[in-house]
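Topology and contacts: notes
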Amino acid sequence: SSLSSSSSSSRLMMQKNNSKDNQRRRKIRTNAFSGASNNNNARVAAASSSAASPLDKMEALIGAIWKFVRPHTIRGTLLGTTALVSKVLIENPELIQLSLFPRALLGLLALLCGNGFIVGINQIYDVEIDKVNKPYLPIAAGELSLPM
């Protein structure tokens, strides 16, 4: 009886430790995903104070805009575009012309701007939902504001 109670209590301790570890990992992933860190949050707080230097304010604004465009979504746009263009060029090598490279870069820039537009519109219209589910996003966190 004492052996079974000791093994069940050790199982409970392991479950509690695993739960705490999982919570800690989730928090780390959330901070990494959002680009948030204690240092970054301190910079934003410092920039929002009236005594902040213009450089601090500019750095905080650039950081908020970077989070606004959700950089992890840019990866998908880049990978998808590269894969599609590569497939077409492998199948049709006669289409490869160095003179088209600047146009291809402009097309990629247009896709990235479209990506930023889409995630931006989503954040603007879903700000109340994001305040609950994704409070680290710049509009939901108050780092960027919407005109009234």
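Scroll up a little and you will see the structure.
The rules behind the values
- Residues numbered from 1 in each chain as written.
- Predicted model: local features only at pLDDT ≥ 70, side-chain atom pairs only at ≥ 80, totals over all residues.
- Heavy atoms only, no water.
- Helix = DSSP H or I, 4+ residues; strand = E, 2+ residues; numbered from the N terminus.
- Buried < 20%, exposed > 50% of the residue type's maximum accessible area, 1.4 Å probe, protein only.
- Contact = heavy atoms within 4.5 Å.
- Areas by Shrake-Rupley, 256 points an atom, 1.4 Å probe, with all protein chains shown as cover.
- Salt bridge = Lys/Arg side-chain N within 4 Å of Asp/Glu carboxyl O.
- Expected span 1.5 Å × (residues − 1).
- Patch = residues over 30% accessible without salt bridge, like charges linked within 9 Å, V, L, I, M, F, W, Y side chains within 5 Å.

**Examining the overall build of the chain**
Per the secondary structure count, the chain includes 7 helices and 0 strands. Here the chain holds 148 residues, and the buried ones make up 18% of them. At a minimum sequence separation of 6, the contacts of the chain that also span at least 24 residues come to 61%. As displayed, the chain has an accessible area near 11,200 Å², and 65% of this comes from carbon and sulfur atoms.

**Re the pattern of salt bridges**
According to the stated counting rule, one finds 3 salt bridges in the structure shown. Residues lysine 67 and glutamate 143 are paired through a salt bridge, measuring 2.8 Å at the closest nitrogen-oxygen approach. Of this pair, lysine 67 sits in helix α3 (residues 54–68) while glutamate 143 is found in the segment after α7 (138–141), placing the two residues 76 residues apart along the sequence. We classify glutamate 143 as partly exposed; its relative accessible area is 24%. In this structure, lysine 87 and glutamate 91 form a salt bridge, with 2.5 Å as the shortest nitrogen-oxygen distance.

**Topic: the environment of isoleucine 124**
Mapped onto the elements, isoleucine 124 comes out in helix α5 (residues 101–125). On the basis of relative accessibility, which here comes to 33%, the residue isoleucine 124 falls in the partly exposed class. In this structure the C-alpha to C-alpha distance between isoleucine 124 and leucine 146, which are 22 residues apart in sequence, comes to 7.7 Å. Not counting residues up to four positions away in its chain, the partners in contact with isoleucine 124 are Ile139 and Leu146.

**Considerations on α5**
Taking 1.5 Å per residue, 25 residues should reach 36 Å; α5 reaches 36 Å between its end C-alpha atoms and fits that length. Looking at the buried residues of α5, the elements they touch are α3, α4 (71–91), α6 (127–133) and α7.

**A closer look at a nonpolar patch on the surface**
Residues Phe117, Ile118, Ile121, Ile124, Tyr125 and Leu146 make up a contiguous nonpolar surface patch of roughly 610 Å² in combined accessible area. Take phenylalanine 117: it is sitting in helix α5. For phenylalanine 117, a relative accessible area of 57% translates into the label exposed.

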